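Breakdown of the fold
What follows is each chain in one-letter form.
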Amino acid sequence: MAILTDDPQTELLQAASSGVSWSTLADAWTRAFGYKAYAWEGEPPPGVPISPQAWELASRAVWAYPSPEAPSWVFARWDNKGLALSCSTTTAALAQVLVQLAFQTEQINAVIQEQEEDTTWAKPLSLSQNFLAVLCDTLQTVDQPLMAARGLIEEILTWMQNIFSARDVFVAFEELPEEDGHPPQRTVFALTSHGRTLARYYLQHAPESGQILVETDPLAHEAGGNPATNIVSSLPVSEPLRGVFGMQVAGSHEFSHEAKQRFALLGRQWATFWETLHRYRTQARSQRIEQELRVARQIQDSLLPRRLPQGPDFEVAAFLDPASIIGGDFYDVQQVGSRLFMMLGDVAGKGVPAAMLIAMFLVAFRSAVHRADDALSVMHQVHQQVAHELDRLDTFVTLAILVINLERRTFTYVNAGHTESYWLRWQGRRVKSLPATGLPLGSLPLEDYEQLSGNLRPGDIIWLYSDGVTEVTNREGYLLGRSGLLDILLATQPAHLDQQIDAIRRAVALHRDGLPREDDMALLAFRIPAPQMPQLSWTFVGGSSPLDVSALTQQLARHARSWSHTFAASASSEERDMFLFAWELAVAELLTNIARHAYRAYPGRIQGSMLAYPDRLVLEVWDYGEAFDTDVLYTLPSQPDPENIDGLAAEGYGLTIIRQAVDRWAHNRRYRRNWWRLEKFWPRGRL
Amino acid sequence: MNVKIEYPQPHIAVVRPKGRIDAATSAKFRDTLRRLPSQGVEHVIIDLRDVSFMDSSGLSALVAGLKLIRRKGGALVLVGPQPPVRMALQLTMLDRVFRIYNSLRDAVAAVNSRPY
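What comes next is a walk through the structure. These numbers were taken from a predicted model, which means no experiment stands behind them. (Residues numbered from 1 in each chain as written. Chains lettered and ligands numbered in written order. Predicted model: local features only at pLDDT ≥ 70, side-chain atom pairs only at ≥ 80, totals over all residues. Heavy atoms only, no water.)

Moving on: the overall build of chain A. Scanning chain A from N- to C-terminus turns up 17 helices and 24 strands. Burial status across chain A gives 51% buried among its 687 residues. Sequence separation of at least 24 residues holds for 67% of the intrachain contacts in chain A that already meet a minimum separation of 6. Summed over all atoms, the accessible surface of chain A reaches about 31400 Å², with 49% contributed by carbon and sulfur. (Helix = DSSP H or I, 4+ residues; strand = E, 2+ residues; numbered from the N terminus. Buried < 20%, exposed > 50% of the residue type's maximum accessible area, 1.4 Å probe, protein only. Contact = heavy atoms within 4.5 Å. Areas by Shrake-Rupley, 256 points an atom, 1.4 Å probe, with all protein chains shown as cover.)

Quick look at the structure:
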């Protein structure tokens with residue numbers, strides 16, 4: 001056997017094919033994959049999940065319990081001997097092959113023992129080992145396994161010809177197509193051309209499974225009229241595989257029971273051979289499909305805008321996170337002159353067809369933006385270009401298109417069945433929802449869409465997103481929902497858009513809490529900068545436990561320290577330190593206060609942003625806990641009296657610290673949220 | 001934060017917290033102080049030299065400890081608060097309430113010599 005690899009699967013096959021004991025095989029299995037395996041004589045040992053009834057049922061049998069959950073088990077029983085391999089979904093096919101091989105080895109041994117005097121039985125055994133050698137060799141080249149095995153298969157046929165003194169030996173393998181209307185794939189091996197003709201004939205006229213057909217050659221006239229007898233059996237394989245194995249001997253011939261038995265045994269070996277090859281080839285095929293998906297993903301990635309347009313008078317940010325290799329969400333941003341064209345959509349379905357459709361949308365959009373000046377005309381042009389394809393694929397796409405006129409600071413907006421978008425007004429921090437203005441593309445032929453338009457003011461943001469952002473379920477079954485998304489958008493509104501996207505991602509991850517994500521997630525945002533934009537920002541979303549509060553305080557302190565080198569560069573290191581100590585104290589007190597009072601009854605989320613302006617550092621925090629008792633804020637604390645220790649307050653120093661440590665602070669209640677703001681001027685040093 | 005307690009004299013406990021005393025750790029610190037009187041300790045010296053940060057929950061624990069020890073007739077004093085902790089004491093004007101020493105030796109001498 002010319003197989004030596006460092007592949008544990010092949011080594012196992014090698015072990016199984018060289019007729020090792022069942023216990024050696026069980027050991028090798030556990031060593032190669034770490035799955036439990038047992039070999040025993042007598043009663044099954046504890047740990048083997050098989051009922052006594054099942055064990056009693058068959059004295060010689062191979063059976064498998066395939067299960068989508070690991071471990072599955074496959075068993076073999078031969079008389080008093082048992083073999084059980086546990087396996088994962090990926091190792092199940094191999095486990096079945098091994099158990100089958102172990103079982104066949106016993107079968108061969110048994111036949112030999114029954115026929116001890118007849119030395120010709122040694123030949124089928126060596127043939128069997130040859131079978132396994134072919135199997136192991138061809139498994140290495142699963143792409144064209146039968147062609148790769150051609151030489152060895154023909155060698156086996158010649159060997160059989162010698163053993164049975166046959167005129168010809170043939171074997172034919174057929175794989176039925178997955179869909180009707182395609183021809184089956186057929187591979188035929190024989191020693192002569194008449195053998196090949198016979199193989200094809202018997203694929204058409206196959207004997208029933210388990211039957212051995214012996215008949216006078218019905219095609220003798222094609223072979224010069226020489227009378228001959230054919231012995232044929234169908235390979236015991238299951239769909240989509242079929243196969244026949246047969247031989248022809250000269251003249252009129254009777255086959256003894258033993259000869260038929262031997263013949264049937266060889267048929268079973270061909271069957272195992274063919275089924276194993278097919279299983280491996282199917283696996284290889286699915287790996288290839290995955291590979292194709294990966295390529296499609298690369299194509300999709302390369303189509304998505306790599307760099308977003310940038311300008312002094314606007315800010316754009318985007319994020320796309322597909323749930324599987326190829327998702328259905330997509331976006332694009334194109335700038336043509338003073339217009340910014342943005343789209344975000346969701347194709348029903350995933351995989352390669354979705355990727356192709358997305359590619360079409362991107363191409364259609366990129367050509368439309370040069371011939372359109374508002375969202376409605378872009379939508380019409382895109383729709384016209386993709387309508388036929390949507391119809392053909394019988395699918396639909398939701399799509400939101402936003403066109404900004406940067407000069408006039410106006411926008412137009414059309415939404416074909418997509419999730420609503422949000423327009424966050426800077427003034428008054430108000431939210432306006434921009435709903436769908438028509439049905440998804442593909443629902444109706446060239447649907448008429450309504451267009452929304454509006455005037456933007458500095459600081460206004462428009463968010464487009466896909467429902468994968470909001471339709472995230474937590475362990476209690478609650479969605480993050482629109483209110484969860486709006487919480488983040490409002491809490492982090494002054495921060496840079498990419499920081500806001502970070503906060504959304506963190507909120508989604510916290511909400512999911514380790515549960516697998518089911519849908520893609522896409523976000524696209526546009527803003528006209530406010531006159532006073534922070535130069536640096538950092539967003540946060542966290543819990544309200546003491547540990548969360550402590551960790552968040554320290555993170556905020558670290559960012560403040562690193563920013564202070566830029567914004568308080570002229571101050572002495574002592575001044576900077578004093579500033580930072582005071583800041584950290586104020587932050588700690590604010591967060592602790594929220595955790596203890598707003599979230600007194602139940603834990604909740606603390607979210608917001610820290611913002612660096614040229615003259616000051618700002619912290620904005622939102623919580624959705626209980627309303628804060630604002631009276632407390634405006635009550636001046638009594639000064640602690642060193643002469644009256646017993647009268648000293650044990651609590652309530654937090655608000656004093658906040659008041660003393662920062663230059664400005666504010667509390668507000670809106671949208672049933674507490675909104676806090678701390679401000680402290682950077683130290684400037686002694687001028 | 002972790003806390004070590006030493007007894008330079010049988011009736012004096014030196015409490016040495018290390019690290020941050022904040023929302024996550026102040027409960028432990030408070031408990032440590034609360035248990036001291038029942039252990040036969042009269043005076044408590046809190047060595048703050050290794051405390052990098054203390055918020056109001058830590059201050060509350062100090063005040064609660066002070067009131068408890070004072071009621072038993074003992075003294076609770078502080079040693080060597082670092083700038084961040086000193087700032088917390090100053091902002092709340094608790095630096096006027098606590099006796100603060102620069103060295104452990106001064107603190108031990110003070111609690112032994114002064115009648116409380």
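After that view, the rundown keeps rolling.
This paragraph deals with the packing of aromatic side chains. Aromatic ring pairs are reported here in terms of the distance separating the ring centres and the angle at which the planes meet. Counted according to the given criterion, the structure contains 18 aromatic pairs over all chains. Summarising the aromatic geometry, the rings of Phe330(A) and Phe361(A) are spaced 5.4 Å apart at their centres and angled 40° between planes, so their arrangement reads as tilted. Of this pair, Phe330(A) sits in strand E11 (residues 329-336) while Phe361(A) sits in helix H10 (residues 351-368), and the two are 31 residues apart along the sequence. The two residues Phe330(A) and Phe361(A) agree in class, both being buried. Grouped by ring-pair contacts, the aromatic residues Phe173(A), Phe189(A), Phe245(A), Phe263(A), Trp270(A) and Trp274(A) constitute a single cluster. Above the face of the Tyr613(A) ring, Arg616(A) is positioned so that its terminal group lies 5.0 Å from the ring centre. Positioned above the aromatic ring of Phe53(B), the side-chain terminus of Arg20(B) is 4.3 Å from the ring centre. (Phe/Tyr/Trp six-rings, centres within 6.5 Å; stacked < 30°, edge-to-face > 60°. Lys NZ or Arg CZ within 6 Å of the ring centre and 35° of its normal.)

With that settled, consider helix H13 (residues 497-512) of chain A. Residues and elements named next belong to chain A. The terminal C-alpha atoms of H13 lie 22 Å apart, and with 16 residues this matches the ideal 22 Å at 1.5 Å per residue to within 8%. Considered for burial, the residues of H13 that qualify are Leu 497, Gln 499, Gln 500, Ile 501, Ala 503, Ile 504, Ala 507, Val 508, His 511 and Arg 512. The elements touched by buried residues of H13 are strand E10 (315-321), strand E18 (461-465), helix H12 (481-491), strand E19 (521-527) and strand E20 (536-542). Taken from the residues just after H13, Asp 513 is the one with a positive phi, measuring 50°. (Expected span 1.5 Å × (residues − 1).)

With that settled, the discussion passes to the interface of chain B and chain A. Contacts between chain B and chain A engage 27 residues on the former and 30 residues on the latter. Carbon and sulfur atoms supply 69% of the area buried between chain B and chain A, which totals about 2500 Å² over both sides. Three residues stand out in chain B for area buried against chain A, namely Lys67(B), Met87(B) and Leu91(B), and they jointly supply 22% of the buried area on that side. Here chain B is connected to chain A by one salt bridge. (Buried area = accessible area lost by both parts, 1.4 Å probe. Salt bridge = Lys/Arg side-chain N within 4 Å of Asp/Glu carboxyl O.)

Side chains of a nonpolar character, in soluble globular proteins, are inclined to be buried together. Formed by 73 residues in total, the largest nonpolar core has its most connected members in Leu619(A) and Ile46(B). Looking at this core, the element that brings in the most residues is helix H15 (residues 573-598) of chain A, giving 14 residues. Leu304(A), Met342(A), Phe365(A) and Val414(A) belong to the second largest nonpolar core, which has 52 residues in total. (Core = buried A, V, L, I, M, F, W, Y, C linked by side-chain atoms within 4.5 Å.)

Turning our attention to the environment of Thr30(A). Residue and element names in this part refer to chain A. Its place among the elements puts Thr 30 in helix H2 (residues 22-33). The class of Thr 30 is partly exposed, set by a relative accessible area of 33%. Put simply, Thr 30 and Ser 86 are 56 residues apart on the chain and 9.0 Å apart in space, counted from C-alpha to C-alpha. Side-chain polar atoms of Thr 30 contact the backbone oxygen of Tyr 35, separated by 3.1 Å. (Polar contact = N/O pair within 3.5 Å; in protein donor to acceptor, adjacent residues only side chain to side chain.)

Residue and element names in this part refer to chain A. On the basis of which strands lie adjacent, the open sheet formed by five strands has the order E6-E5-E9-E8-E7 and antiparallel pairing. With partners counted over all chains shown, the strands left at the sheet margins are strand E6 (185-190) and strand E7 (212-216), one partner each. Recorded for the sheet is a direction-independent mean angle of 15° between the axes of neighbouring strands. Where strand E8 (residues 228-234) lies against strand E9 (residues 241-250), seven bridges are found, and the strand directions are antiparallel. Within E9, the residue paired with Ala 228 across the bridge is Ala 250. Against the sheet, helix H8 (residues 193-204) contacts strand E5 (168-175), E6, E7, E8 and E9, and its axis sits at roughly 45° relative to E5. (Pairing = 2+ DSSP bridges. Axes fitted to C-alpha atoms, helices over the stretch in contact; angles between N-to-C directions.)

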